[in-house]
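Chain by chain, the residues run as shown.
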Amino acid sequence: MKKIISTIVTLGLSTSVFAFDYKLEPKKINDNTWCFLGKLEAPSKHNGGFMSNHCFVSTGKSYLLVDAGATYELAKQAYEKMREIKKLPVKTVFLTHEHDDHWLGASFYKEKFDAKIIGSSSINKNYTKDSKTRMFKMLPKDAIKNTKIVRVEQEIKEATSIKVDDMEVQIIPVGRKAHTSDDLFVYIPSNKTLFSSDLVMNGRITSNRNGSVIGQLKAVEMMEKMDYENLIPGHGHDTSKNAINETKQYFTLLKQRVLEAVEEEIGSAEVTKHIKMEEFKDKALYEELNSRNVFDAYNELEFYEEE
């Protein structure tokens, strides 16, 4: 981990502190969208929790965000990069689900701009201002400093269209357990960009620890009906129209193979020895996550009947 000494005056927050250097560079997606693409690894003290994606969209008058990163410091450094492109306030932040690598950075935007926080109701349900999530427990002080829990001000429980300045933003709940119990995806019709968050990952194995194989496939089906040119995954660096393909293949094969194992009366204690998902063995986090995904899928599908 590399530290920098910085006197922060650009944001009107003059302090002289040690700060975790996230070494951020925005990736331009289209004419008005930029994303910060996290590392393809688990959160750690070495990456400061920067292992998921979050994006800025310019309306011409302000930025709207889809997810906000894992810490206040990460969000602050991301905004410093964005203001170099165009100095706009952040008016609205959309938070897609409750995993803390995606939303703890919202505390910066609430403090600096009083941004409106819109998103998943599970954040309010499962966290209070005193909660200590995994990021608080694992990250070094220079990365987690100033980070706070902020509440979602507008909970999305049904498909909703919101105007941010003159830009239409569609927020669509999956409506059933998928990656988590309460996932949203975000679509902007004017630039045909779909923000899937963790309903899609590529370049790495997904974590299905709170999720459902059937729900993930339902989410893929819903998203494929959208008219998009770019799809921004929650984790992964492919932001093209084909970004969804790895997730679709993984969960399709996982469902098929687990149901075959059930039919062959292979028990839960043996299933991870029989189902290796070797097509994905070269993806990041395969060793850490794949066997658990197989085991959890077996428990979900052992008595499954096709809908």
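Refer to the structure presented above.
Residue numbers restart at each chain and count upward from 1, following the sequence in its written direction. For a predicted model such as this one, the threshold for reporting local features is a pLDDT of at least 70, and the threshold for listing and counting side-chain atom pairs is 80 or more; totals across whole chains, interfaces and linings nevertheless cover every residue. Computation of side-chain values covers all heavy atoms of the structure but excludes hydrogens and water.

Undergrad: How should the sheet that holds strand S12 (residues 184-188) be read in this particular structure?
TA: Pairing within the open sheet is mixed, and its five strands lie in the order S10-S11-S12-S13-S14. Taken across any chain shown, the strands that pair with only one partner, and hence form the sheet edges, are strand S10 (160-164) and strand S14 (230-235). The sheet shows a mean angle of 25° between the axes of neighbouring strands, direction not considered. Pairing analysis gives four bridges linking strand S11 (residues 167-173) to S12, with the strands arranged antiparallel. Bridge pairing in S12 places isoleucine 172 opposite phenylalanine 185. For two strands to be treated as a pair, DSSP must find no fewer than two bridges joining them. Secondary structure elements are taken from DSSP: a helix is a run of H or I of four residues or more, a strand is a run of E of two residues or more, and numbering for both begins at the N terminus. Convention adopted: a line fitted to C-alpha atoms gives each axis, helices being fitted over their contacting stretch, and angles between N-to-C directions are expressed from 0 to 180 degrees.

Undergrad: I tried to follow the pairing of S10 on my own but got confused; where do I start?
TA: With five bridges joining them, S10 and S11 adopt antiparallel strand pairing. Paired with threonine 160 across the strands is isoleucine 171, a residue of S11. The antiparallel pairing of S10 with S11 creates a hairpin that spans two residues between the two strands, and aspartate 165 there sits at a positive phi of about 55°.

Undergrad: Looking at this structure, I do not really get the pattern of salt bridges. What am I missing?
TA: Pairing between side chains becomes possible if they bear opposite charge and their charged atoms approach one another. Salt bridge, as used here, is a side-chain nitrogen of Lys or Arg placed within 4 Å of a carboxyl oxygen of Asp or Glu. Following the criterion strictly, the structure yields 21 salt bridges and no others. Residue glutamate 73 is joined to lysine 76 by a salt bridge in which the shortest nitrogen-to-oxygen separation is 3.4 Å. With glutamate 73 and lysine 76 both in helix H1 (residues 72-85), this residue pair falls three residues apart, about one helical turn. Considered together, glutamate 73 and lysine 76 belong to a single accessibility category, that of buried residues. A salt bridge links aspartate 101 to arginine 134; its shortest N-O distance comes to 2.7 Å. On the criterion of sequence distance, the pair formed by aspartate 101 in the loop between strand S7 (90-95) and helix H2 (106-113) and arginine 134 in helix H4 (residues 134-138) is long-range, its members being 33 residues apart. Three exposure classes are used, based on accessible area relative to the maximum for each residue type with a 1.4 Å probe and protein chains only: buried under 20%, partly exposed in between, and exposed over 50%. Under the relative-accessibility criterion, arginine 134 is labelled partly exposed at 28%. Residues joined by salt bridges that share partners form a network here, namely Glu73, Lys76, Glu80 and Lys145.

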